[in-house]
Amino acid sequence: MNRWAERLWSLLFLMVPVAGVGVFIWAMADGYGMRGHWLPENIDEQGKVIDSLFLFILGLTGVIFVGTGVALFWFLWRYGAAGNRDARVRYTHGSHTLEVVWSILPAATLLFIAIYQMDAWADAKIRRPTIVVNGQEQPKPPIAEITGRQFEWRIRYAGRDGVIGTRDDLFTVNELHLPVHEEIVLVIKTEDVLHSFFLPNLRVKQDVVPGMKQYVWFKPIRTGQYDIVCAELCGWGHYKMRGRLVLQTREEFDRWFEQEWNNQELRSYTPPEPEE
Amino acid sequence: MSGVGNPEGIGSQGRVPAPIAGGSAEVRIGGLGRLPVRRFVAVLVGIVLLASFGCGAPVAEFRTNELYLIHQEFKSEPLPASKRRELQQNLKDLMVALFGTPDEPYFPEVEGVDIRRVCDPVKLQMAAGPVRLERSGAPRGLYREHCAHCHGITGDGRGPTAEFLNPYPRDYRRGLYKFKSTPAAEPPTHEDLQRILINGIPGTAMPSFRLLPEQDREALIHYVRYLSIRGQVERTLLEATFQTGDLDLTEISLEQLKAPENIEFVKSVVADIVTRWAQADYQATPVPPPPENFESAESIRRGRELFYGPIANCVKCHGETALGDGQTTDYDEWTKELMPNEPDKVARFLATGAALPPRNIRPRNLRLNVFRGGRRPVDLYWRIRNGILASGMPAASMKPDDAPPDDPRLTSDDIWHLVAYVRSLPYDDLSAPQHLPVYQRERQ
Amino acid sequence: MIQKSHNEVHEGDAARGGMTFWEFLNTYVFSRDHKVIGLQFLFSTLLWFLVGGILALGIRWQLAYPWQPMPIIGQWLFAEEGGQISPEFYTTLFTMHATVMIFFVIIPILAGAFGNFLIPLMIGAEDMAFPTLNMLSYWFMWPAFICIGLSFFAPPYGAGAGWTSYPTLASNPAAAPASGHAQTLWLLGITFVGVSSMMGSVNYMTTIIQMRAPGMTMFRLPLTIWGMFITAILQAFALPILTAAGFMQLMDRMLGTGFFHPGTVGNQQRGAG
């Protein structure tokens, strides 16, 4: 291989970190062809915590990725056979110090990430919002129960009494209406197989395991329509298992609820007259 | 593993790696020539090209109702093979002439019916054909995108996914629907079909299509009606051949159909069916408002009495505890056509590949809080009042207006009490004594 | 292949390299020689590699032309749907692609083929520590090949619960599309793969620890052998658990046990259909 070919190959390998970083920057900038490929719009109060964790880990691995790529390039460029025909090879039995360093450093980094994210994890999965009832603090009851089944999300609102499983529950499917600027608690169940309740815009993802009740909570800060998707292969219709999250102001939500409730309680019907 | 003993012709590289030193056992991969790599690549490229041009793409067509044909044969007498072929061909030709193909559906004009209300050609276009987007962004092939893999391209409930579902997907071709507001034998209203598409049928594999744009759902409803009407016409023509003898399709080909009396007959068949569908919207059973005490303890008690009583007799099928275990050996209308109690006949139906193994229809477990046809009080009222003919649930026997007061048949208030009882069941404690067991009831 | 000296050469057997039928069977088919076994693994997995590749072609084709009639086999398989592939066929495609590639290509080609071929050569051993076990580890792949091959012919024509086979999708016979016999056959097949890999890994560990040539200390082992060694340890520790889990799923499906089913077995509502 001649020198030029060597140079070409080393430059080619340099393109790996360059293109890798470029793609990410292009996606972040919402550049042409990569629209909507970066993180979905965040509408959760705590969502930025998850996002910053994501970005932190991305940055960390990015630095390593670029560093490794550049080092590879440098070795290829500097020590190619064609340019170093007369150089003598030096044998080494390794460096103990170096090995200790590259063992300890990643271990310490991993440990740091593990500790650093604990608060975010606890907020997302352990510290359920509370309310005070009769001077006692207790976990906030869920506003609705979502039951995944092949292949839809069945939704059951607690109704006026705030308790799920009573006669004033409102039933609907695939369309979850919620009020904004409130701590929302949902209870997630499944009727058949594993599903995963995923609200990308609220940075909520929770596997639903048969026989278990899972709670998720979040605080949306923007009105609008967003996606509910299933993030766990649940059978042939997994791709169909989509829902719509409609975030409304409290008044709109109450109005919608009232309307749906009246519809659910429809008690008389008069057929239309034939138009002659 | 002939390849191990004789590796000629197997291998991927022309270059043999240098033998690895390893004691006495020397490795030699003998006779590994260069594979005709170029030919291999050419074949691969060919496959990819074929795939990209969609060559070999099948022409979609409606399946003839083979099952009903066999059913008719069992009922009258089997046709000789040549006549059978003749019949199949003539029927197919006639159906194509009347209704077109899955890619180009066509709906016959019927006098006095605005077909845009039954099967709007524009909406049929949206739902029919292969899946694609028009240049304008209008969708095409909605039926094949959302429905066909279960309900089948013919609407016979025999798509590839069908066999994995319980209950099986609906066969539209009888024009029979379970969850509707009209009396048992009538077609469903537009609203009924809309509601099923929006809510799905909980407890079955029919999902909700709430997220589809409304016009897409509308197109699908029109297309489902189209498939139903097409199926019903096909069945009536088969009946005409085997039973009434009005039109013998074993004899009459498409050419001979042009005789005026034949055209008249076919026209009248189509007109009858289409008119019924066009009138369906006005056939919905009115639902009077419930009595004052609806869902009071008194109302629920009365409903419970009726539930176990001799007139409504819900207990017979839904069981002593309303768990749907009263009787479990019946079949629904679609399955009955496969003559499920006669194994050799079932085998004949199954051999066509168009039928699925018969399953019993199960009365609903009323305690699950899952209501397939909807949970609104009006839905339950319709279910009880009109019955679900196709599944064997009979309509309530209603007391006529001029009946004497001691007539035991049901009034609309009675039906409301039954609704109240049914609605209370999911919240009822199953371990509480339901009712005296049958053997004690007589003595009371 | 392996050249062994044979005193007797039967004239009629010249075509078979001068062996009797039984010698041939012993040497090439039910061989205890690590190199033959390695090659057996190699060529069987290459065949499966082809199968996996064809399945991948199907997946990619669907992604490239969603909802379009499938060329060539569409008309044959999906006439009732206008030739486009059904959703459960897609899950079947990627499940079987992953299964074939992981259990029938990556594992047997890296561990089975290269491990068998290279370990004795690179550590200076005569053969594997347990030649018969080694032979069995190859032949235990065959029931797996047959089971998984058959699962393509049982509805839904290939397992469809993902290669991870998560319960309850994989273990509940009422969950579509894992409801057919394909998933049962798949689980049976994977049980055999598990057993085969365990036999292999025991052999590799023992060979590497016990049978190194004099002077070949652990720290003079080539890196490849270290890799194989670690792989074998992982296999020996992970596979019994995975195989047991797969077997439990199998029992849930076939014997009505409830390892993965809370409350009742199966889905009440589906069952009440």
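Since this is a predicted model, take the numbers as computed values, not measurements. (Residues numbered from 1 in each chain as written. Chains lettered and ligands numbered in written order. Predicted model: local features only at pLDDT ≥ 70, side-chain atom pairs only at ≥ 80, totals over all residues.)

Q: Tell me what's going on with the overall build of chain A, and back it up with residues and numbers.
A: Helix and strand counts for chain A come out as 5 helices and 12 strands. Expressed along its principal axes, the backbone C-alpha trace of chain A runs to roughly 100 × 65 × 35 Å. In chain A, of all internal contacts separated by at least 6 residues, the share reaching a separation of at least 24 is 64%. (Helix = DSSP H or I, 4+ residues; strand = E, 2+ residues; numbered from the N terminus. Contact = placed C-beta atoms within 7 Å.)

Q: Give me the lowdown on helix α12 (residues 297–308) of chain B, citing residues and values where you can.
A: All names here are of chain B. The end-to-end C-alpha separation of α12 is 17 Å, in line with the 16 Å expected for 12 residues at 1.5 Å each. For α12, every residue scored as buried is listed here: Ser 299, Ile 300, Arg 302, Gly 303, Arg 304, Leu 306 and Phe 307. In this structure, the buried residues of α12 make contact with α13 (315–318) and α17 (412–424). (Expected span 1.5 Å × (residues − 1). Buried ≥ 20, exposed ≤ 12 C-beta atoms within 10 Å, placed from the backbone.)

Q: So what about the interface of chain C and chain A? Which residues, and what values?
A: Each side of the interface is counted separately: chain C has 16 residues, and chain A has 13 residues. By residue number, the principal contributor to the side of chain C that touches chain A is helix α4 (residues 87–123) of chain C, which donates 3 residues. Split by residue class, the side of chain C that touches chain A holds 7 nonpolar, 8 polar and 1 charged. (Nonpolar A, V, L, I, M, F, W, Y, C, P; charged D, E, K, R; others polar.)

Q: So what's going on with the domain arrangement of chain B? Which residues, and what values?
A: All names here are of chain B. Looking at the assigned domains, one finds that chain B contains domain 1 (2–53), domain 2 (66–282) and domain 3 (297–328 + 363–441). On a C-alpha basis, the centroid separation for the pair domain 2 and domain 3 is 34 Å. Each partner contributes to the interface: domain 2 provides 13 residues, whereas domain 3 provides 12 residues. (Domains from an automatic or database assignment.)

Q: Pulling in residues and values, what's your account of the sheet that holds strand β9 (residues 204–208) of chain A?
A: What links the strands of a sheet is backbone hydrogen bonding, and the strands pair in either a parallel or an antiparallel sense. All names here are of chain A. Sheet architecture is open: 5 strands sit in the order β6-β12-β11-β8-β9, paired in mixed fashion. If you trace the sheet from one side to the other, it starts and ends with β6 (175–179) and β9, each paired once. Averaged over all pairs of adjacent strands, the angle between their axes in this sheet comes to 20 degrees, without regard to strand direction. Bridging between strand β8 (residues 195–199) and strand β11 (residues 224–230) involves 2 bridges; their strand directions are antiparallel. Paired with Phe 197 across the two strands is Cys 230, which belongs to β11. Packing against the sheet, helix α5 (residues 250–264) makes contact with β6 and β12 (242–248), and its axis sits at approximately 135 degrees to β6. (Pairing = 2+ DSSP bridges. Axes fitted to C-alpha atoms, helices over the stretch in contact; angles between N-to-C directions.)

Q: Let's hear about the nonpolar core: which residues, and what values?
A: The biggest cluster of nonpolar side chains holds 137 residues, and the ones touching the most others in it are Cys 234 of chain A, Ala 127, Tyr 143, Leu 220, Tyr 223 and Leu 237 of chain B together with Leu 169 of chain C. Among all residues touching Leu 237 of chain B, those that are not within four sequence positions of it are Leu 91, Leu 94, Leu 247, Leu 249 and Val 269 of chain B. Ranked by size, the runner-up nonpolar core spans 25 residues in total, among them Ile 300, Cys 314, Ala 396 and Ala 420 of chain B. (Core = buried A, V, L, I, M, F, W, Y, C linked by C-beta atoms within 7 Å.)

Q: Tell me about the packing of helix α1 (residues 3–28) of chain A against helix α2 (residues 47–78) of chain A, residues and numbers included.
A: When two helices pack together, you describe them by how their axes are tilted relative to each other and by the distance separating the axes. All names here are of chain A. Where α1 contacts α2, the two axes come as close as 8 Å, and the packing angle between them is 170 degrees. Taken together, α1 and α2 sit at an angle that is classed as roughly antiparallel. Across from Arg 7, Trp 9, Ser 10, Phe 13, Leu 14, Val 16, Pro 17, Gly 20 and Val 21 in α1, the residues of α2 making contact are Gly 62, Phe 65, Val 66, Gly 69, Val 70, Leu 72, Phe 73, Leu 76 and Trp 77. Each residue belonging to the contact of α1 with α2 can be placed in one class, and the counts come to 13 nonpolar, 4 polar and 1 charged. (Parallel < 35°, antiparallel > 145°, perpendicular 65-115°, else oblique.)

Q: Describe the domain arrangement of chain A, naming the residues involved and giving the relevant values.
A: All names here are of chain A. Structurally, chain A comprises domain 1 (3–81 + 100–124) and domain 2 (138–264). The C-alpha centroid of domain 2 is placed 35 Å from the C-alpha centroid of domain 1. Counting from both sides, the interface comprises 9 residues of domain 1 and, opposite them, 10 residues of domain 2. Looking at the side of domain 1 that touches domain 2, its residues break down into 3 nonpolar, 3 polar and 3 charged.

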